[in-house]
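So you can see what is in the structure, the chains are spelled out below.
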Amino acid sequence: MKALPTGTVAKALSAQVPEPTSAPHAPAPSNAGVPEPTSTPRAPAPSHTGTLSLPEDASTHGHRIDALLAWSHRFDAVLITVALGWLVLAVWRFRKAKQAASDGGTRRSRAWVLGLALGAFVVVDGTLLLGSEGYLRDVLWNFSVPSEDPRTVRIEINAHQWSWEARYAGEDGRFNTSDDVVTWNDLRVPVGVPVWVQLVSTDVVHGFSLPHFRVKLDAIPGRVNQTWFQAAREGAWEAACYQHCGTSHYRMRGVLTAMSPESYATWLREAGKQSAQAWDAEDVAAHWGWEWKAP
């Protein structure tokens, strides 16, 4: 994730978002009456329930996060095996030795211990550091991918207790206009297309998470955070809050539906028409969107 400068955007946002004490209003649900995609389930079904495995990876780049975690677990297994094996061997070999006070060892023994610790640190942490840096450079902080792709879908999300309010630009390509599509706890994206998310909060800190896309982003009042991802296939998955945000935190759940590009275009077009009909220029609280700003 990467934050926009808190200057212009933050000031513009603070002037447009509703006060924390009043729940933001939205136009009538813009997807009402729009046919649901018949090829995608509406209820996410966690495939990892009751297991120690990671959630199903539904993104284009999530496998790189999984690979880093797998390497971390391999290193853990090797280090635990070596440490326990050495401990058991030492106990067995010196089980009949006379008890002696610790003298700190010789200079040579201390050099061996320091060398082994330094070697383990370089191999383990160095490998994970290089892998993480590559992911940050190629994916997470590489906003040139969504900014240069004309197919990119941009979504503004307003987090508040206890729902995710998402705004899509309509056919005019601008936010905060009459054909914006606004949904509640219902995110829809096309498959194989970069999805660029900018996220704010109007009350407390929330944790926007798409575990099946290896995405987690903090929603912080007064700040615009952003990230991007790309769905690899059609389906429906959970969108959750990973930051305890109040007594009804458990209710802050939504569904992300990945659709074919054709189905997504149909849904956005029809929902935009309904939003234009329900547009109320005097409903200031519903106009919480902001001008999209690239980093």
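The residue count restarts for each chain, going from 1 along the sequence in the order it is written. Whole-chain, interface and lining totals are the exception, using all residues; otherwise, since this is a predicted model, local features are given only for residues with pLDDT of at least 70 and side-chain atom pairs are given and counted only at 80 or more. The basis for every side-chain value is the complete set of heavy atoms in the structure, and neither hydrogens nor water enter the calculation.

Asker: What am I meant to see in the overall build of the chain here?
Answerer: Counting from the N terminus, the helices are DSSP H or I runs at least four residues long and the strands are E runs at least two residues long. Along the backbone of the chain there are 5 helices and 11 strands. Buried residues are those whose accessible area, probed at 1.4 Å on protein chains only, stays under 20% of the maximum for their type, while exposed residues exceed 50% and partly exposed ones sit between those limits. Looking at the chain residue by residue over its 295 residues, the buried ones come to 41%.

Asker: Help me understand the sheet that holds strand S7 (residues 206-210), please; the structure alone is not making it clear to me.
Answerer: Hydrogen bonds between backbone atoms are what pair the strands of a sheet, whose relative direction is either parallel or antiparallel. Spatial strand order, S5-S11-S10-S7-S8: 5 strands in an open sheet with mixed pairing. Two strands lie at the open edges of the sheet, namely strand S5 (186-190) and strand S8 (215-219), each paired on one side alone. Adjacent strand axes in the sheet meet at a mean angle of 20 degrees, parallel and antiparallel pairs treated alike. Pairs of strands are assigned from DSSP output, requiring at least two bridges between the strands. Two strands pair when backbone bridges link them, and S7 and strand S10 (residues 235-241) are joined in this way by 2 bridges, in the antiparallel orientation. When the bridges of S10 are listed, Phe208 appears paired with Cys241. Angles shown run from 0 to 180 degrees and are taken between the N-to-C directions of axes, each axis being a line fitted to C-alpha atoms and, for helices, limited to the stretch in contact.

Asker: Please explain the packing of aromatic side chains as it appears in this structure.
Answerer: Between two aromatic rings, the relevant description is the distance of the centres plus the angle of the planes. Only Phe, Tyr and Trp rings are paired, with Trp represented by its six-membered ring, and only when their centres lie within 6.5 Å; those with planes under 30 degrees apart are stacked, over 60 edge-to-face, the remainder tilted. Taken as a whole, this structure holds 11 aromatic pairs when the rule is applied. Plain terms: the ring middles of Trp288 and Trp290 are 6.3 Å apart, the flat faces sit at 50 degrees to each other, and that makes the pair tilted. Joined through ring pairs, the aromatic side chains of Phe143, Phe175, Trp196 and Trp292 make up one cluster. Two thresholds decide whether a charge sits over a ring: the Lys NZ or Arg CZ must be within 6 Å of the ring centre and within 35 degrees of the ring normal. Directly above the aromatic system of Trp71 lies the positively charged group of Arg74, at a separation of 4.8 Å from the ring centroid. Above the plane of the ring of Trp288 lies Arg167, whose end atom (NZ or CZ) is 4.4 Å from the centre.

Asker: Explanation requested: the nonpolar core in the structure shown.
Answerer: Grouped burial of nonpolar side chains is what soluble globular proteins tend to show. Side-chain atoms within 4.5 Å are what join buried Ala, Val, Leu, Ile, Met, Phe, Trp, Tyr and Cys residues into a set we call a nonpolar core. In this structure, Ile157, Tyr168 and Phe213 are the most contacted members of the largest nonpolar core, which totals 36 residues. By definition, residues are in contact when any of their heavy atoms lie within 4.5 Å. Ignoring sequence-local partners within four residues, the contact set of Phe213 consists of Ala58, Ser59, Phe229, Gln230, Ala231, Trp237 and Leu256. Ranked by size, the runner-up nonpolar core spans 9 residues in total, among them Leu140, Phe143, Trp196 and Trp228.

Asker: What exactly am I supposed to notice about the side chain of Ser59 here?
Answerer: Structurally, Ser59 is set in the loop between helix H1 (8-16) and helix H2 (62-93). You can call Ser59 buried: its relative accessible area is 9%. In protein, a polar contact means a hydrogen-donor-capable atom and an acceptor-capable atom, both N or O and within 3.5 Å, with residues adjacent in sequence counting only if both atoms are side-chain atoms; elsewhere, any N or O pair within 3.5 Å suffices. A polar contact of 3.0 Å, which involves the side chain of Ser59, links it to the side chain of Asp57. Here Gly62 takes part through its backbone nitrogen, which lies 2.9 Å from a polar atom of the side chain of Ser59. Apart from residues no more than four positions distant in its own chain, Ser59 is found in contact with His212, Phe213, Gln230, Ala231 and Ala232.

Asker: Sorry, what's going on with the pattern of salt bridges here?
Answerer: Two side chains with opposite charge may pair up if their charged atoms get near one another. Just to be clear on terms, a salt bridge is a Lys or Arg side-chain nitrogen sitting within 4 Å of an Asp or Glu carboxyl oxygen. Taken as a whole and assessed by the stated rule, the structure comprises 12 salt bridges. With a shortest N-O distance of 2.7 Å, Arg214 and Asp66 are connected by a salt bridge. Highlighted residues: Arg214 in the loop between S7 and S8 and Asp66 in helix H2, separated in sequence by 148 residues. For Arg214, a relative accessible area of 17% gives the class buried.

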